[in-house]
Number of protein chains: 2
Amino acid sequence: MFSIGDLSRRTGVKVPTIRYYEQMGLVAAPERSEGNQRRYSRQELDRLAFIRHARDLGFGVEDIRALIDLSGHPEQPCGHADRIAEEQLLSVREKIARLKRLEAELERIASCCGGKTVGDCYVIRALSDHALCTDEHG
Amino acid sequence: MFSIGDLSRRTGVKVPTIRYYEQMGLVAAPERSEGNQRRYSRQELDRLAFIRHARDLGFGVEDIRALIDLSGHPEQPCGHADRIAEEQLLSVREKIARLKRLEAELERIASCCGGKTVGDCYVIRALSDHALCTDEHG
DNA sequence: TGTAATTCCTCTAGTCACTAGAGCTTCAAG
DNA sequence: CTTGAAGCTCTAGTGACTAGAGGAATTACA
């Protein structure tokens, strides 16, 4: 049996976050000690590690809920799980593409500030005048 | 004079967001019509466009506040504006690096699901077992 | 000038995924 | 048997908005 602190150390999920997951229904409410403290089994540790891992990979809570449901029905076809992972991959790729556009724009803005005062600072001018942008961001 | 809707159409900032910015003190409270509706001048349109542009580039509200303060003092040295932009650039680069690690991991997870059912689905297995990861993410 | 459609107003509350803090109780070690 | 860490519940705050209720003002057209 693990205390909530044990669970936290083993999974890297913070204590208040574990309680929050319980409230959200992502993890089941565990047994309690006589003094009303949470006591977890190995199974619950595994589930929390699963959640942690999926969160690290950027899955949202609803995705995770779906994946957990699926993993509880091992006889079902796994197309749904695949689709969730694929969507997450697409979303990550979109974010990367968008951030790269921003990176290019910021490089341009930040690198060529030749002014000594704010009055002729390129950073401020570039932000004031969208027409200076080479690329459509956002 | 522009109504809040005009301003919204011209800058691409949504109406409730403009009111929110006013509440946050990012834009000044404008004049009002006899019937208590907001009436904006050209200057306020420019400032909102500036904010929109900076938000698109991922600057946080506090950064924008600082940049606006700076742009109101054109005689000051612009090192501070430069620094804000540089920091934003670094933060964007970090996000890109992190997302690329996730992308690699997700590609591996999503691409090689050979199972027909959840029971042997690689997506679920990979999430259950961090040891399957090639890379430390998160 | 009338009226109908659109836009505007304020206010509260919700989003996401936590995080922080107050004030109290229980547990484990020495 | 005491002390200090860890646990408990509850409320509220974060960032940057977004949604909705319920009502008032403005604008377009007949």
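Provided above is the structure to which this section pertains.
Residues numbered from 1 in each chain as written. Chains lettered and ligands numbered in written order. Predicted model: local features only at pLDDT ≥ 70, side-chain atom pairs only at ≥ 80, totals over all residues. Heavy atoms only, no water.

Colleague: Can you explain the packing of helix α1 (residues 4-11) of chain B against helix α2 (residues 15-24) of chain B? Please cite residues and give values.
Modeller: If you want to describe how two helices pack, look at the angle between their axes and the distance between the axes. All names here are of chain B. α2 packs onto α1 with a crossing angle of 105° between their chain directions and a minimal axis gap of 9 Å. Taken as axis vectors, α1 and α2 run roughly perpendicular relative to one another. Within the contact between the two elements, α1 uses I4, G5, L7 and S8 and α2 uses V15, I18 and R19. Per-class residue counts for the contact of α1 with α2 are four nonpolar, two polar and one charged. (Axes fitted to C-alpha atoms, helices over the stretch in contact; angles between N-to-C directions. Helix = DSSP H or I, 4+ residues; strand = E, 2+ residues; numbered from the N terminus. Parallel < 35°, antiparallel > 145°, perpendicular 65-115°, else oblique. Contact = heavy atoms within 4.5 Å. Nonpolar A, V, L, I, M, F, W, Y, C, P; charged D, E, K, R; others polar.)

Colleague: Account for the pattern of salt bridges, with residues named and values stated.
Modeller: Two side chains carrying opposite charge are able to pair once their charged atoms lie near each other. Residue and element names in this part refer to chain A. A complete count under the given rule lists 16 salt bridges over all chains for this structure. Across the pair E22 and R38 runs a salt bridge, and its minimum N-O distance is 2.7 Å. Separated by 16 residues along the polypeptide, E22 in helix α2 (residues 15-24) and R38 in strand β2 (residues 38-39) bring together distant segments of the chain. When its relative accessible area of 16% is taken as the criterion, E22 is described as buried. (Salt bridge = Lys/Arg side-chain N within 4 Å of Asp/Glu carboxyl O. Buried < 20%, exposed > 50% of the residue type's maximum accessible area, 1.4 Å probe, protein only.)

Colleague: Hey, could you go over the interface of chain A and chain B for me, with residue numbers and the actual values?
Modeller: The partner chain B presents 52 residues to the 52 residues of chain A that form the contact. Carbon and sulfur atoms supply 74% of the area buried between chain A and chain B, which totals about 4400 Å² over both sides. Together, A:H53, A:L106 and A:L127 form the three largest contributors to the area buried by chain A at its contact with chain B, with a combined 16%. For the interface between chain A and chain B, the tally reads four salt bridges. B:R93 serves as the salt-bridge partner of A:E107, at 2.5 Å between the closest nitrogen and oxygen. Applying the counting criterion to the chain A and chain B interface returns six residue pairs in polar contact (both at pLDDT 80 or more). (Buried area = accessible area lost by both parts, 1.4 Å probe. Polar contact = N/O pair within 3.5 Å; in protein donor to acceptor, adjacent residues only side chain to side chain.)

Colleague: Account for the protein's contact with DNA strand D, with residues named and values stated.
Modeller: Around DNA strand D, the structure places 19 residues, and the nearest of them are A:G5, A:R19, A:R38, B:Y21 and B:R55. Backbone atoms, meaning sugar and phosphate, form 88% of the atoms of DNA strand D found within 4 Å of the protein. One of the side-chain nitrogen or oxygen atoms of B:Y21 is found 2.6 Å away from a phosphate oxygen of DNA strand D. A distance of 3.2 Å is found between a phosphate oxygen of DNA strand D and a backbone nitrogen or oxygen belonging to B:G35. Ranked by residue count, the leading element in the surface near DNA strand D is α2(B), at three residues. Its residues assigned to classes, the surface near DNA strand D comprises four nonpolar, nine polar and six charged. (Near = heavy atom within 4 Å.)

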